[in-house]
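Architecture at a glance
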Amino acid sequence: MSLSGRERRILAEIEQALEREDPELAQRVAAINKIEGEGNTFPQAYGERLRVWALAHVWMIFSIGGLLIVLLLLAVLTT
């Protein structure tokens, strides 16, 4: 979710007031914001794993399908 310029300015003012009143709390909030900012990489990593999993299973299905076609063709030709 992106913030407008006005919302960012208000948020910056709140953060500055927080830093003046309670520096320790401000550091904890900054640490939380940093962790949340880095949390955006998880869906990409999960998406990559899902893509690799799906690709492996699609190839497996195609391989089994090809094998079945070859076996059916072999059965028709030998009868």
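Look above for the structure.
Everything in this summary refers to the structure shown in the same document. (Residues numbered from 1 in each chain as written. Predicted model: local features only at pLDDT ≥ 70, side-chain atom pairs only at ≥ 80, totals over all residues. Heavy atoms only, no water.)

The next thing to look at is the overall build of the protein chain. Scanning the protein chain from terminus to terminus reveals 3 helices and 0 strands. Reading the protein chain from its N terminus to its C terminus gives the helix and strand order α-α-α. Split into buried and exposed, the 79 residues of the protein chain put 1% on the buried side. (Helix = DSSP H or I, 4+ residues; strand = E, 2+ residues; numbered from the N terminus. Buried < 20%, exposed > 50% of the residue type's maximum accessible area, 1.4 Å probe, protein only.)

Glancing now at a nonpolar patch on the surface. The grouping of Met60, Ile64, Leu67, Leu68, Leu71 and Leu74 at the surface amounts to a nonpolar patch, some 590 Å² of accessible area in total. Within the secondary structure layout, Leu67 lies in helix H3 (residues 41–78). The class for Leu67 is exposed, based on a relative accessible area of 51%. (Patch = residues over 30% accessible without salt bridge, like charges linked within 9 Å, V, L, I, M, F, W, Y side chains within 5 Å. Areas by Shrake-Rupley, 256 points an atom, 1.4 Å probe, with all protein chains shown as cover. Salt bridge = Lys/Arg side-chain N within 4 Å of Asp/Glu carboxyl O.)

Let's shift gears to the packing of aromatic side chains. Under the definition given, this model contains 1 aromatic pair. With a centroid separation of 6.3 Å and 75° between ring planes, the pair formed by Trp59 and Phe62 is classed as edge-to-face. With Trp59 and Phe62 both in helix H3 and 3 residues apart, the pair spans about one turn of that helix. For the pair formed by Trp59 and Phe62, the shared burial category is exposed. (Phe/Tyr/Trp six-rings, centres within 6.5 Å; stacked < 30°, edge-to-face > 60°.)

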